[in-house]
Amino acid sequence: ESLEKSPASIDMVIAGTALALILLIGLFIMFISSVSQFAFVEVAITKKTDIRGLFSRQTKNGFNLFALKVLFTIIVIAIGVVLGLIAVLMVGGGISPFLVLFLIMIALLGFLMTIIPMSIGIWIIDTFAVPLVWAGSPSLIDSFKRFIEAAGKKLGDTITFIAIYIVLSIVIGMFTFMIAF
């Protein structure tokens, strides 16, 4: 069957193209954001705002951060897909509706328990590792290790800071949700 004879095929091509375009735009924004984080730290420290120079100097660091964020995103999506597949495969044997709901809730809970630590990891890298890389750490991984070592020495303060950040994020998210509706 050719595309002219099947409007559903044309719709699928348009939907696929739109999805690919949205994905590319999202990746581009994520890359610009990653480079901008390093550029912002440089501007804050040097007080110089040569935009073109900032972006050209920070492209390598920004790309490394971008790659790390993409890797984290792929891991979270893969874990979500695996948990969803496990729930679907377990349901396939004619199990009671209550058990189906229970398995879906367990899969969602597992997915959330994956997203939360990954999000905290990305936030820690964005907040603390980026300035450490700018200050002379050879890589994001090295700066993350330096942060973990420093945080281990002040574990109570670090946990309190992260907990306050999470609570504030939840409150802001709930407030935003209430305003939206």
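For the structure, check the block above.
An account of the accompanying structure is given in this report. The structure displayed is predicted, hence computed values, not measured ones.

For the coordinates displayed, the defined rule picks out one salt bridge. The residue Glu42 makes a salt bridge to Arg57 at a minimum N-O spacing of 2.7 Å. Note that Glu42 is positioned in helix H1 (residues 7-46) and Arg57 in helix H2 (residues 51-91), a separation of 15 residues in sequence. A relative accessible area of 7% means that Glu42 is categorised as buried.

What follows concerns the packing of aromatic side chains. What the rule picks out here adds up to three aromatic pairs. Pairing Phe31 with Phe63 gives two aromatic rings, centres 6.4 Å apart and planes at 65°, and the pair type is edge-to-face. Taken as a pair, Phe31 in helix H1 and Phe63 in helix H2 lie far apart in primary sequence, 32 residues in all. Take Phe63: its relative accessible area is 45%, and that puts it in the partly exposed class.

Further remarks concern a nonpolar patch on the surface. On the surface, a cluster of nonpolar side chains totalling about 800 Å² of accessible area is made up of Phe98, Leu99, Phe102, Ile106, Leu109, Leu112, Met113 and Ile116. Take Ile116: its relative accessible area is 44%, and that puts it in the partly exposed class.

What counts, and where the lines are drawn
Residues numbered from 1 in each chain as written. Predicted model: local features only at pLDDT ≥ 70, side-chain atom pairs only at ≥ 80, totals over all residues. Heavy atoms only, no water. Salt bridge = Lys/Arg side-chain N within 4 Å of Asp/Glu carboxyl O. Helix = DSSP H or I, 4+ residues; strand = E, 2+ residues; numbered from the N terminus. Buried < 20%, exposed > 50% of the residue type's maximum accessible area, 1.4 Å probe, protein only. Phe/Tyr/Trp six-rings, centres within 6.5 Å; stacked < 30°, edge-to-face > 60°. Patch = residues over 30% accessible without salt bridge, like charges linked within 9 Å, V, L, I, M, F, W, Y side chains within 5 Å. Areas by Shrake-Rupley, 256 points an atom, 1.4 Å probe, with all protein chains shown as cover.

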